[in-house]
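Working through the structure, step by step
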Amino acid sequence: DCIVYMPLHPNVDEMARLLRAGANVVTTASFITGRGYGEPARKQLEDAAQAGGVSLFGSGINPGWVDALVATASSLCRDVNLVRVTESFNIGMWAGDANQDVIGWGRPAHDPEHPKDLEQATLPFGDAVEAIAKMFKFTLDDVRCETEFAHATADLDIPQRTVKKGQVAGVLARWLGIASGQPVIELNAQWTIAAEIEPAWDIAGAYLIEVNGTPQLKLRADVLPADFTLPLEELIATGFVITAMPVVNAIASVVAARAGIVTYADL
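The paragraphs below set out a description of the structure included in this document. For clarity, every value in this text was computed on a predicted model and none was experimentally measured.

On to the nonpolar core, then. Among the nonpolar cores identified, the biggest contains 52 residues, and Trp105, Trp175, Leu187 and Ile193 are the most heavily contacted of them. If you tally residues by element for this core, the top one is helix α5 (residues 123-136), at eight residues. Contacts of Leu187, omitting those with residues within four sequence positions, involve Val85, Phe125, Ala128, Val129, Ile132, Ala173, Arg174 and Trp175. Within the second largest apolar cluster, 16 residues are counted, among which are Ala16, Leu45, Ala48 and Ile261.

So, in structure tokens, the structure goes:
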């Protein structure tokens, strides 16, 4: 009925083959709406899903589960004019993982190519802007990414990463959805790998959600290991679990959903 598809890097032809064969697909492979894959790939996947009569759904902790939380929280509101989500974490514990390679830890300060590379590394947040806009019926004129960087104030002892004083040890990718010239969606990915950075960002260690409208909402989501006495490798694995479970727990809903690319707005 359903393939759980979780490679680090997606293979669009492979996904399309699964869909065309009549298997629903749920994935963590940097997919929410397909925007970040490019329009030809998105059309290929949509056409394959329609041909197979099945659904394709992507999620994770953020983007993904947090976006669904935003939608649920907004049911208190009469109107909404801005959605802001900030993921603010020190992720030094995971810095050695292969999926961190693209972020650019340890790159020189003021590298002119780094903003473009960070935008590419965080493309799923652009997908999430599109998905949230659909939830709130915002008509977007533009989706764009702004970046900021923080730098190590000392040589850092980071597992499997070499980061010297003055090199990049903090990144902020701010994805904006613009409607009528004004931001209506702001999704911030703020990550550091150490506290010794300049500027000295205030890292929340949580997901911060703001829904501005009538009324205004502010939520903080702390996602913590079940047991802090577990070995380090099992604490690290919590990050993998919270990425996987929103997809695994959606399987039944995805199998029941309409054919094509679907998001939380459909489920």
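The full count for this structure, using the stated rule, is 18 salt bridges. Among the charged side chains, a network of salt bridges with common partners joins Arg84, Asp142, Arg144, Glu146, Glu148, Arg174, Glu186 and Glu210.

With respect to topology, seven strands assemble into an open sheet ordered β10-β5-β8-β9-β4-β11-β12, the strand pairing being mixed. Here the strands that pair on one side only, and so sit at the sheet edges, are β10 (197-198) and β12 (217-221). Pairing geometry for strand β4 (residues 79-90) and strand β9 (residues 182-192), over eight bridges, is parallel. When the bridges of β9 are listed, Phe89 appears paired with Trp191.

With that settled, consider unusual backbone geometry. In this model, Asn62 is joined to Pro63 through a cis peptide bond whose omega is 0°. Examined against the element boundaries, Pro63 turns out to sit in helix α3 (residues 61-73). With omega at 0°, the peptide bond leading from Glu198 into Pro199 counts as cis. Relative to the helices and strands, Pro199 is located in the loop between β10 and β11 (206-214). Positive phi, normally seen in glycine, also occurs at Lys137, with a value near 60°. Relative to the helices and strands, Lys137 resides in the loop between α5 and β5 (142-152). One non-glycine residue, Gln160, lies in the positive phi region at around 60°. Here Gln160 falls in the exposed class, since its relative accessible area comes to 72%.

One open sheet holds the four strands; their spatial order is β1-β2-β3-β13, and the pairing between them is parallel. In this open sheet, the two strands that pair with only one neighbour each are β1 (2-5) and β13 (260-262). Sheet twist, expressed as the average angle between the axes of neighbouring strands with direction ignored, equals 20°. Pairing geometry for strand β2 (residues 24-27) and strand β3 (residues 55-58), over three bridges, is parallel. Paired with Thr27 across the bridge in β3 is Gly58.

About the criteria used
Residues numbered from 1 in each chain as written. Predicted model: local features only at pLDDT ≥ 70, side-chain atom pairs only at ≥ 80, totals over all residues. Heavy atoms only, no water. Core = buried A, V, L, I, M, F, W, Y, C linked by side-chain atoms within 4.5 Å. Buried < 20%, exposed > 50% of the residue type's maximum accessible area, 1.4 Å probe, protein only. Helix = DSSP H or I, 4+ residues; strand = E, 2+ residues; numbered from the N terminus. Contact = heavy atoms within 4.5 Å. Salt bridge = Lys/Arg side-chain N within 4 Å of Asp/Glu carboxyl O. Pairing = 2+ DSSP bridges. Axes fitted to C-alpha atoms, helices over the stretch in contact; angles between N-to-C directions.

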